[in-house]
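Single-letter residue listing:
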Amino acid sequence: MKFVVYLAGQIHDSWREEVKQKAQERNLPLTFVGPQTDHDRSDNIGNEILGEQPGKLYKDDAASDINNFRTQVLMNKADIVIALFGEKYKQWNTAMDASTAIALNKPTIIIRPESLIHPLKELSNKANVTVETIDQALDVISYIFE
């Protein structure tokens, strides 16, 4: 049995690589998908596909359409969603992806530090599992294979 895991969360550091490496070390049969992690590509995809947009609002709107399309396709293919909330960056996209996963009834694991217990209490309550570390999230997935 092999699972597809959508890695939702900010794209400004290498947390996804840590998840992939640790999953590989555990020999977990997982394939990972997620948002476009090249920030410039994500921001400019509307212009690249649809042509130069007449202003920042239109540029963001066009990119958002295409990024949301990508997210919808990949999340629908996912068996599990891991949404990592960090403290360093604004987490709007993570909250949107986690909420979408929950609305799609995707098994969802939220990773968040202790400092975000209060602001994420409602979202954590809707997710299947909330943990504080990547290792704990992988422990949850590992448990499926026991």
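Residues numbered from 1 in each chain as written. Predicted model: local features only at pLDDT ≥ 70, side-chain atom pairs only at ≥ 80, totals over all residues. Heavy atoms only, no water.

### Re the environment of serine 115
Point 1. Within the fold, serine 115 resides in the loop between strand S4 (108-111) and helix H5 (121-126).
Point 2. Since its relative accessible area comes to 46%, serine 115 is described here as partly exposed.
Point 3. Sequence separation of serine 115 and glycine 86 is 29 residues, and the distance between their C-alpha atoms is 9.6 Å.
Point 4. Within polar-contact distance, the side chain of serine 115 engages the side chain of glutamate 87 at 2.3 Å. (Helix = DSSP H or I, 4+ residues; strand = E, 2+ residues; numbered from the N terminus. Buried < 20%, exposed > 50% of the residue type's maximum accessible area, 1.4 Å probe, protein only. Polar contact = N/O pair within 3.5 Å; in protein donor to acceptor, adjacent residues only side chain to side chain.)

### Some thoughts on the environment of proline 113
Point 1. Its place among the elements puts proline 113 in the loop between S4 and H5.
Point 2. Remark: the alpha-carbon pair of proline 113 and alanine 62, spanning 51 residues in sequence, is separated by 33 Å.
Point 3. Those residues in contact with proline 113 that lie beyond four places of it in its chain are Phe85 and Glu87. (Contact = heavy atoms within 4.5 Å.)

### Regarding the pattern of salt bridges
Point 1. Counting across every chain of the model gives eight salt bridges.
Point 2. Connected through shared salt-bridge partners, Glu18, Lys22, Arg26, Asp135 and Asp139 make up one network. (Salt bridge = Lys/Arg side-chain N within 4 Å of Asp/Glu carboxyl O.)

### Some points on the packing of aromatic side chains
Aromatic ring pairs are described here by two measures, namely the spacing of the ring centres and the angle between the planes.
Point 1. Across all of its chains, the model carries one aromatic pair by this definition.
Point 2. Taking the centre distance of 5.5 Å and the plane angle of 55 degrees together, the rings of phenylalanine 3 and phenylalanine 145 count as tilted. One end of the pair, phenylalanine 3, is in strand S1 (residues 3-9); the other, phenylalanine 145, is in the segment after helix H6 (134-144), and 142 residues separate them in sequence. (Phe/Tyr/Trp six-rings, centres within 6.5 Å; stacked < 30°, edge-to-face > 60°.)

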